[in-house]
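So you can see what is in the structure, the chains are spelled out below.
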Amino acid sequence: MTIRVLVAEDQSAVRAGLVLILRSAPDVEVVGEAPDGEAAVRLARALRPDLVLMDVSMPRLDGVSATRQVVSEGLADVLVLTTFDLDEYVFGALRAGAAGFLLKNTEAHELLEAVRTVARGEGMIAPAVTRRLIAEFAGTAPAQAAGAPDPAALDALTRREREVLGCLGQGLSNAEIAVRLSMAEATVKTHVSRLLGKLDLRSRVQAAVLAQELGI
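Structural notes, computed from the coordinates. (Residues numbered from 1 in each chain as written. Predicted model: local features only at pLDDT ≥ 70, side-chain atom pairs only at ≥ 80, totals over all residues. Heavy atoms only, no water.)

Attention shifts here to helix α9 (residues 185-199). Over its 15 residues, α9 extends 21 Å from the first C-alpha to the last, a length consistent with the 21 Å expected when each residue adds 1.5 Å. Looking only at α9, the buried set comprises Val 188, His 191, Val 192, Leu 195, Leu 196 and Leu 199. The arc enclosing the buried residues of α9, seen along the axis, measures out at 130°, which places them on a common side. Residues of α9 that are exposed and point over 90 degrees away from its buried face: Ala 186, Ser 193 and Gly 197. Asp 200 sits one or two residues past α9 and shows a positive phi near 60°. (Helix = DSSP H or I, 4+ residues; strand = E, 2+ residues; numbered from the N terminus. Expected span 1.5 Å × (residues − 1). Buried < 20%, exposed > 50% of the residue type's maximum accessible area, 1.4 Å probe, protein only. Arc of directions from axis to C-beta.)

In structure tokens form, the structure reads like this:
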């Protein structure tokens, strides 16, 4: 399967570097490039890529707002890029429904693996900052912030779904959750899909943040 990617980055040199890395992979196709957030949304609507690699800080329309539009319209998954590992904009992007978060200094092979991970439907946060990122934002952002689901919605979850949610809060992948809870990976995917629907969340990364906020 070829993963169709739209690259949104305002710095032309950085954008060119990202495109070069992505095009080096036989299973990745760069279908478009956007120099700002408005162009990213416009091209996402026109090209319908599988994934948008989105810089969080861009002119005309910032990456957070662009992510919100792309995700709310169901145009593509979004993998956010930033220079900082703890950035208020990153939390905004995750709240907006970004499926992943990656630092710009990530190695080429890690960038490609992140693209593949998100394309498989799994959330991706830079491994070096996964738990620190979630914990930091969970501690500073109120659970009832804009877009946050009502904690009472957890009442709709089954015991198993709560366990899976707790694992998401620890930054575990589907494979790791399967081992932790002694179930098939396909079953984990089903539980993740169901709990996202019940909690009205757009991504497993949002679920991870919520789990940390509520101490699950």
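From this point, the discussion proceeds with the structure in view.
Another aspect to go through is the side chain of Asp 36. Mapping Asp 36 onto the fold places it in the loop between β2 (28-34) and α2 (37-47). A polar contact is formed between the side chain of Asp 36 and the backbone nitrogen of Glu 38, at a distance of 3.0 Å. Setting aside residues up to four positions removed in sequence, Asp 36 forms contacts with Met 58, Pro 59 and Arg 60. (Polar contact = N/O pair within 3.5 Å; in protein donor to acceptor, adjacent residues only side chain to side chain. Contact = heavy atoms within 4.5 Å.)

It is worth spelling out the packing of helix α7 (residues 159-169) against α9 at this point. Axis separation between α7 and α9 bottoms out at 10 Å; the angle between their running directions is 95°. When the interaxial angle is binned, α7 and α9 end up roughly perpendicular. On the side of α7, the interface is formed by Arg 160, Glu 161, Val 164, Leu 165 and Leu 168, while α9 contributes His 191, Val 192, Arg 194, Leu 195, Lys 198 and Leu 199. When grouped by side-chain class, the residues that make up the contact of α7 with α9 number six nonpolar, one polar and four charged. (Axes fitted to C-alpha atoms, helices over the stretch in contact; angles between N-to-C directions. Parallel < 35°, antiparallel > 145°, perpendicular 65-115°, else oblique. Nonpolar A, V, L, I, M, F, W, Y, C, P; charged D, E, K, R; others polar.)

Everything listed here is a matter of geometry and, on its own, says nothing about what the molecule does.
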